[in-house]
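# Understanding the architecture of this molecule
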Amino acid sequence: MRQHLKSASLKAAATLLLLPASAAIAAPIVYTFETEDDLTTPLLHGQIIDQAFDAPGFSEFGNVFNVSSTQDGTDGHLGVTVFDSDLSGTADPDLEVGTGNILILQNDDDSARTGDFYDTPNDERDRADRGSIVFDFTETVAPLSINIVDANGGFGALVTMTDTVGRTRVYTIPEMWSNEVTSAPNGFDTLLLTDLAPQDGEGAGGDATATEDLGFNEVAVVQLSVSFVGAAGVGGSGNALSGGIDDLVLDGVDGQNIPEPGAAVLLLGSILGLASRRRR
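Here's what I pulled together on the structure shown here. (Residues numbered from 1 in each chain as written. Predicted model: local features only at pLDDT ≥ 70, side-chain atom pairs only at ≥ 80, totals over all residues. Heavy atoms only, no water.)

## A few points about the overall build of the chain
Summing up its helical and strand segments, the chain has two helices and 14 strands in all. Of all 280 residues assigned to the chain, the portion counted as buried reaches 54%. Considering only contacts within the chain whose residues lie at least 6 apart along the sequence, 74% involve residues at least 24 apart. Only carbon and sulfur atoms are counted for the fraction: they give 53% of the accessible area of the chain, which is about 11000 Å². (Helix = DSSP H or I, 4+ residues; strand = E, 2+ residues; numbered from the N terminus. Buried < 20%, exposed > 50% of the residue type's maximum accessible area, 1.4 Å probe, protein only. Contact = heavy atoms within 4.5 Å. Areas by Shrake-Rupley, 256 points an atom, 1.4 Å probe, with all protein chains shown as cover.)

Set out below in structure tokens:
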């Protein structure tokens, strides 16, 4: 699977070895959502991290990015929530992909909560409840990759990056881009955010594709959103909605060196190694 990406990663790693010291690229940071963005304070199953739904006094993020959501359907969801995919016997076995914490949009049918935690963490399944997980960055960054979880039957998603002047790059992810974890090894796949070529997922649903505005600056991104639109929103016929995200990889955080436009592809070897570090 993904031989073209694996070959690219080997070529990228070789290129990095040949770079002179003056051209060294700082290591990217992988946000696994195991902790707050201080990379120390743990996040727990069912914890609410959406600004609009957080209990008073809670602020898990804000150093590098703020996390929020949009309401794009006729019904609604209950915001961005942590789901521990290492657990078994949860409300949604499709999310038990074994990669630690992932982020979901909480199902509005499971609204019971205790403080800053939902009692039954579970993702939305109805297209009427569709919405987006939004990262607003406190400084310009260069997003490199993100894992998309449970992208199968009824799924459909758009991943949108926006630069400092409002230009965008948009990835369209079809249903069946990944497999059901209950019948396949992974149940998720990695979307490279530096690549405009079609990207095949582990599933049989076809390629994720990319479009961008002329002049889009991939190393000066101020917002990234993942919109769970349902299959009908990306050319399918279903009315379902499901899925989550994991392992957001960023470069240029906290004063790190940011590569010149177009040079971010040199980091592919590091990205694939880091973003897949917890695959089974």
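Next comes the rest of the account.
## Re the pattern of salt bridges
Charged atoms that come close allow side chains of opposite charge to pair. Counting across every chain of the model gives three salt bridges. A salt bridge links E212 to R169; the shortest N-O distance between them is 2.8 Å. Of this pair, E212 sits in strand β12 (residues 207-212) while R169 sits in strand β9 (residues 168-173), placing them 43 residues apart in sequence. Looking at E212, the relative accessible area reads 35%, which means it is partly exposed. (Salt bridge = Lys/Arg side-chain N within 4 Å of Asp/Glu carboxyl O.)

## As for the nonpolar core
The biggest cluster of nonpolar side chains holds 39 residues, and the ones touching the most others in it are F65, F135, I148, L191 and L224. At six residues, strand β7 (residues 131-149) tops the list of elements feeding residues into this core. Setting aside anything within four residues of it in sequence, one finds L191 in contact with L144, S145, I146, I148, V159, Y171, I173, W177, Q199 and A208. With eight residues, the next largest nonpolar core counts V97, I104, V149 and F188 among its residues. (Core = buried A, V, L, I, M, F, W, Y, C linked by side-chain atoms within 4.5 Å.)

## A short note on the environment of Q51
In this fold, Q51 is placed in the loop between β1 (29-31) and β2 (65-71). Among all residues touching Q51, those that are not within four sequence positions of it are N66, V67 and S68.

## Some thoughts on the packing of aromatic side chains
Applying the stated rule across the entire model yields five aromatic pairs. Each ring, one from F61 and one from F65, has its centre 5.2 Å from the other, and the planes form 25 degrees; the classification is stacked. What makes F65 buried here is its relative accessible area of 0%. Considering the side-chain rings of F65 and F137, the 6.3 Å spacing of their centres and the 85 degrees angle between planes classify their relative orientation as edge-to-face. Here the residue F65 occupies a position in strand β2, and F137 occupies one in strand β7, the gap between them amounting to 72 residues. Both residues of the pair, F65 and F137, count as buried. Through pairs of rings, three or more aromatic residues link up here, namely Y31, F33, F61, F65, F135 and F137. (Phe/Tyr/Trp six-rings, centres within 6.5 Å; stacked < 30°, edge-to-face > 60°.)

## Focus on unusual backbone geometry
A positive phi angle, close to 65 degrees, is found at F33, a residue other than glycine. The residue F33 is located in the loop between β1 and β2 in this model. The phi torsion at M176 lies on the positive side, around 65 degrees, for a residue other than glycine. Structurally, M176 is set in the loop between β9 and β10 (188-192).

## Examining the pairing of strand β3 (residues 80-84)
Along β3, five of the five residues are buried, which leaves the element largely enclosed by surrounding structure. Residues V80, V82 and D84 point to one face of β3 and T81 and F83 to the other, with burial holding for every one of them. For β3 and strand β4 (residues 101-105), the ladder comprises five bridges, and the chain directions are antiparallel. The residue bridging T81 from the neighbouring strand is I104, located in β4. (Pairing = 2+ DSSP bridges.)

## A look at the side chain of R169
Classification of R169 as buried rests on a relative accessible area of 4%. At a separation of 2.9 Å, a polar atom in the side chain of R169 contacts the main-chain carbonyl oxygen of L193. The contact partners of R169, leaving out residues within four places of it in the chain, are V159, T160, M161, L193, T194, D195, L196, T211, E212, F216 and E218. (Polar contact = N/O pair within 3.5 Å; in protein donor to acceptor, adjacent residues only side chain to side chain.)

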